[in-house]
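Single-letter residue listing:
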Amino acid sequence: MTDLVPADFAVPRTLTAEGFRLEPLGEQHNASDLAAWSSSIEHIHATPGWTGSWPPAEGMTPEQNLADLRRHAADFERRSGFTYTVLEAPGDAVVGCVYIYPDREDPAVARVSSWVRADRAELDAVLHRTVSAWLAEDWPLGEVRYAAR
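Residues numbered from 1 in each chain as written. Predicted model: local features only at pLDDT ≥ 70, side-chain atom pairs only at ≥ 80, totals over all residues. Heavy atoms only, no water.

Caption draft 1: Geometry of the nonpolar core. Ranked by internal contacts, the top residues of the largest apolar core, which has 26 residues, are L22, F82, Y84, V98, I100 and W139. Among the elements of the structure, β1 (15–17), β2 (20–24), β3 (82–88), β4 (94–102), β5 (110–116) and α4 (123–138) are those that each provide at least two residues to this core. Among the elements that take part in this core, α4 stands out by supplying five residues, more than any other. Grouped together as the second largest cluster of nonpolar side chains are 15 residues, I44, W50, W54 and V94 included. (Core = buried A, V, L, I, M, F, W, Y, C linked by side-chain atoms within 4.5 Å. Buried < 20%, exposed > 50% of the residue type's maximum accessible area, 1.4 Å probe, protein only. Helix = DSSP H or I, 4+ residues; strand = E, 2+ residues; numbered from the N terminus.)

Caption draft 2: Representation of the environment of W37 within the structure. Residue position: W37 is located in helix α1 (residues 30–38). Expressed as a C-alpha distance, the spacing of W37 and Y101, which sit 64 residues apart in the sequence, is 20 Å. Once you skip the residues sitting within four places of it in the chain, W37 turns out to touch I44, W54, P55, P56, G59, M60, N65 and W115. (Contact = heavy atoms within 4.5 Å.)

Caption draft 3: Quick peek at the pairing of β5. Counting buried residues along β5, six of its seven residues qualify, which places the element largely inside the surrounding structure. Here β4 pairs with β5 via seven bridges, running antiparallel. Within β5, the position partnered with V98 by the bridge is S114. Pairing of β5 with strand β6 (residues 144–146) involves three bridges; the strand directions are parallel. When the sheet's bridge partners are listed, V112 is paired in β6 with Y146. (Pairing = 2+ DSSP bridges.)

Spelled out as structure tokens, the structure:
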């Protein structure tokens, strides 16, 4: 398997932008993350880059969501994928997520996806532009596939 980033790359722990900030998704975000995506399932399914496979239409229990967050945190620590929660700034409310993972067909390609809560839909294009520039400027990635907004 090809590593998404070189072993000596210091993976950023945060990104601060106008109105939001990114930090690695973790257990501490469980309640706010669950509330954010479960209130926005149709909106997320309509977001470019989402095929409708997630989030599940029937939702998830807090325990199932916590297991999902733990999996993403473990991926981050193993450097096999990087999931960031999008937090309101100022504040700590989860308003979305950004996922940076190797493409399943071509692991040398970074597959990036993101979503925002339906009530923060105006943030989607701003998040896309900000994350795209961040990845281009600060990450040693080759090809990046991130559905246009």
